[in-house]
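Chain and residue survey
Listed below are the residues making up each chain.
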Amino acid sequence: SNPYEPLNVDTIGEKLGHLEILKEKVGPDAASWSAQEVGDGNLNLVFIVTGPNGQAIVKQALPYVRLVGDSWPLPLKRAFFEYHALIRQAKYAPEDVPEVYHFDESQALIVMQFMTPHVILRNSLRDGIKHDNLAEVMGKFCARTLFRGSDLSMDTKERKKDLALFADNIELCDITENLVFTDPYFDAEMNRHTSPQLDGIVASLRADIDMKVAAQHFKAKFCNNAETLLHGDLHTGSIMVTESDTVVIDPEFATYGPIGFDIGMLLGNFYMAFFAQDGHEASKGARDDYAQWILDVTCDIWHHFEEEFSHLWRTERTGILYDKRLYEDQGHNLASEQALTDRLNQIWSDALGFGGIEMHRRILGLAHIMELDSIEDADLRAACEARALQFGRQIVISRDAYKSPHQIAELARAVRKD
Ligand code: SR1
Ligand code: MG
C-alpha cells in the first residue's frame, strides 16, 4: 500500500480514478470529474466528487485535529473505526446510514454515498425547517443500533471480539473523556465561552460540587460501562435531512459505552437548539412555534425509542443477557417486562445526565455549536446560553425526578420564560 497522502481537489481523480465503484457512481473517466472540499466538521477532509454519472463522498482523516491544527496530532486509524461502525450500523439499522462504497486503510479514506438533497440538521434547525419523520427515524435508529449492538442481542464470541476491536479507538475516546466530562468544570486551557456576560455563571458551575460529582459519575459510566456500540458523537451535525428523509453520518467516535450516551447527546443538542431560538431573527410567533416543534421532536424521539427498544426486547432478545432458564417458569412475562421497565428507566436517567453535560461542554468547552455562536448580539447570546446552562444543570442533578420527556419539555419552557 502507498504511504498516506492527504488528498486535494486536484489529486482526487489521479488517486481514485482507478476505483471501479467511482467509475460507476461518478463517471468512467476521472478527467471528467470535479471535486469540492466541503468539510465543516472539527476533524476531517470531506470532498464531493461530481461527474457525468453522479456524485460520491470521499472522506479522509487528517493526521491532526482540523479545528486546532497540527499542534494536536490525531491518529489516522479513526477512519478504520468509522468504517467498521458504518457497516455495523447498516446491518443494525438499514437505510439510516450512507452506503459505504470503498475503504482504504492506508489512506484513511472512506468513499460513500452522497446524500442529496440532504442538508445538515443543525443548519436546518437554525433555519426553522420542520422534518416529518425526523423523530421516528432517530428514535428507531437509536433503539436498533443500541439494542442490536449490545449483549441483549449479540452472542458472547461476537461481542467480545467486537469490544476488543473498538477498544483501540483510544484517542477519540480520550477527546470525549476530557472535552465533554472534565474540561467544562475547571479552567482548562482550551475552554472558551463567547460571552464575558457568562463569567459569573461559569464560575458558579466550576464551584458547583454537585455538578462536579455528577460529571465524574457520568465520565466513569462512559469509560466503564461498555453496554453497546455507540455512534459516539450523535449531535445534530451528524444527521442529514430532507423534509422527509433522515440519515446518520460520522460515527468515528464509535466505542462501546452506555446506551444512554447517544440518546442523551442527541436530546441535549435539540434542547440547545430550543434555547437558541430567541437569538434568531424570525418573528416571536414563528420562534415560539418552532421552539415547540423542537420540544415535540424530543418527546417523539424518546417515544419511538422506547417503543422500538421494547419491541426488540420482546422479539430479538437472544444475546448473552437472555437466559431462557430464568424465564421458563410462570413468571416469564412478568419478570421480563419488569426487567425491561428497569432498563428503560436507567437509560432515561442516564440520557438526561449525558444530555445536560453535552449542553455545558458546547458552551464552555472547545467545541461549540453554530446555533448559539452565531447569535450576534452578545447580551442576547449570553441570555440564551445562560438558560441552556441552567437547564443543563437541572436535568443532570434532578435526573431521577423527571419521569418523562414531557416533564423536561415543561421545564425547558419554564426556563425559557424566566
Ligand atoms: C477536537 S474534536 C471536538 C469535537 O468535535 C467532534 O465532533 C466531537 O464532538 C468532539 O468532541
Ligand atoms: Mg463529526
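Residues numbered from 1 in each chain as written. Chains lettered and ligands numbered in written order. Predicted model: local features only at pLDDT ≥ 70, side-chain atom pairs only at ≥ 80, totals over all residues. Heavy atoms only, no water.

What follows concerns the domain arrangement of the protein chain. Once the domains are mapped, the protein chain shows domain 1 (12–113) and domain 2 (119–417). Contacts between the two partners involve 25 residues from domain 1, matched on the other side by 31 residues from domain 2. Taking both partners together, domain 1 and domain 2 bury about 2400 Å²; carbon and sulfur atoms supply 66% of that area. Counting the surface domain 1 buries against domain 2, the share from its top three residues, Phe81, Tyr92 and Asp96, is 30%. The salt bridge involving Lys77 is made with Glu171; its shortest N-O contact spans 3.4 Å. (Domains from an automatic or database assignment. Contact = heavy atoms within 4.5 Å. Buried area = accessible area lost by both parts, 1.4 Å probe. Salt bridge = Lys/Arg side-chain N within 4 Å of Asp/Glu carboxyl O.)

With that settled, consider the sheet that holds strand S10 (residues 239–241). The sheet built from three strands is open, its strands ordered S8-S10-S11 with antiparallel pairing. The two strands at the open ends of the sheet, each matched to only one other strand, are strand S8 (119–120) and strand S11 (246–248). Taken together, the three bridges between S10 and S11 define a ladder with antiparallel strand orientation. What sits directly across from Ile239, in S11, is Val248. (Pairing = 2+ DSSP bridges. Helix = DSSP H or I, 4+ residues; strand = E, 2+ residues; numbered from the N terminus.)

Neighbouring ligand 1 are the residues Asn42, Leu43, Val65, Trp72, Ile175, Leu179, Asp233, His235, Phe253, Arg361, Arg362 and Ala367. Taking Asp233, its side chain carries an N or O atom lying 2.7 Å from an oxygen atom of ligand 1. Between ligand 1 and the protein, one listed contact pairs an oxygen atom with a side-chain N or O atom of Arg362 at 3.2 Å. Burial of ligand 1 by the surrounding chains reaches 95%, relative to a free accessible area of 320 Å². Going through the elements one at a time, helix H7 (170–180) and helix H13 (332–364) are the ones with two or more residues in the shell around ligand 1. Two domains share the shell around ligand 1, each providing at least three of its residues, namely domain 1 (12–113) and domain 2 (119–417). (Near = heavy atom within 4 Å. Polar contact = N/O pair within 3.5 Å; in protein donor to acceptor, adjacent residues only side chain to side chain. Areas by Shrake-Rupley, 256 points an atom, 1.4 Å probe, with all protein chains shown as cover.)

With that settled, the discussion passes to the sheet that holds strand S6 (residues 100–104). Here five strands make up an open sheet; going across it, the order is S1-S2-S3-S7-S6 and the pairing antiparallel. One side of each edge strand has no neighbouring strand; the edge strands of this open sheet are strand S1 (34–37) and S6. Between one strand axis and the next, the sheet turns by 20 degrees as a mean value, whatever way the strands run. In this structure, strand S2 (residues 44–51) lies alongside strand S3 (residues 54–61), joined through eight bridges in antiparallel fashion. Along S3, the bridge assignment pairs Val46 with Lys59. Along the sheet face, helix H3 (residues 78–92) touches S2, S3, S6 and strand S7 (109–113) and points at about 30 degrees away from the line of S7. (Axes fitted to C-alpha atoms, helices over the stretch in contact; angles between N-to-C directions.)

Another aspect to go through is the nonpolar core. Side chains of nonpolar character tend, in soluble globular proteins, to be buried together. If you look at the biggest cluster of nonpolar residues, it comprises 101 residues, and the most contacted ones within it are Ile263, Phe305, Phe309 and Phe391. The biggest single contributor to this core is helix H11 (residues 284–316), with 13 residues. Not counting chain neighbours up to four residues away, the residues in contact with Phe305 comprise Gly139, Cys142, Ala143, Leu146, Ile259, Ile263, Leu344 and Ile347. (Core = buried A, V, L, I, M, F, W, Y, C linked by side-chain atoms within 4.5 Å. Buried < 20%, exposed > 50% of the residue type's maximum accessible area, 1.4 Å probe, protein only.)

This part covers a nonpolar patch on the surface. Nonpolar side chains collect at one region of the surface, where Leu67, Val68 and Met190 lie side by side and expose about 210 Å² of accessible area between them. For Met190, the position within the fold is in the loop between H7 and helix H8 (199–206). (Patch = residues over 30% accessible without salt bridge, like charges linked within 9 Å, V, L, I, M, F, W, Y side chains within 5 Å.)

Before going further, it helps to examine the side chain of Arg206. By the element assignment, Arg206 lies in helix H8. Although Arg206 is buried, it makes no salt bridge; Asp187 carries the closest opposite charge, 4.3 Å away. A distance of 3.0 Å separates the side chain of Arg206 from the backbone oxygen of Pro184, its partner in a polar contact. Beyond its immediate sequence surroundings of up to four residues, Arg206 is in contact with Asp183, Pro184, Tyr185, Phe186, Asp187, Asn191, Lys212 and Leu364. (Lys, Arg positive; Asp, Glu negative; His and termini not counted.)

Buried within helix H6 (residues 156–166) we find Arg159, Asp162 and Phe166. The arc that holds the buried residues of H6, viewed along the axis, is 70 degrees, so those residues lie on one side. Opposite the packed face of H6, turned more than 90 degrees from it, sit the exposed residues Lys157, Lys161 and Ala164. Its buried side turned inward, H6 meets H3, strand S9 (228–230) and strand S12 (255–257). The backbone nitrogen of Lys157 has a side-chain oxygen 3.2 Å away, supplied by the residue at the start of H6, namely Asp155. (Arc of directions from axis to C-beta.)

Turning next to the pattern of salt bridges. Tallying each qualifying case throughout the model produces 31 salt bridges. Residue Arg393 is joined to Asp208 by a salt bridge in which the shortest nitrogen-to-oxygen separation is 2.5 Å. Taken as a pair, Arg393 in helix H15 (residues 378–397) and Asp208 in the loop between H8 and helix H9 (209–224) lie far apart in primary sequence, 185 residues in all. Its relative accessible area of 25% is what places Arg393 among the partly exposed residues. For Asp208, a relative accessible area of 12% puts it in the buried group. Put simply, Glu358 and Arg361 hold a salt bridge, and the shortest N to O gap is 3.0 Å. Taken together, the residues span about one helical turn, with Glu358 and Arg361 both in helix H13 at a distance of three residues. Taken individually, Glu358 and Arg361 each receive the classification buried, so the pair is uniform in this respect. What you see here is one network of salt bridges that share partners, running through Asp278, Lys284, Arg287, Asp288, Arg387 and Arg416.

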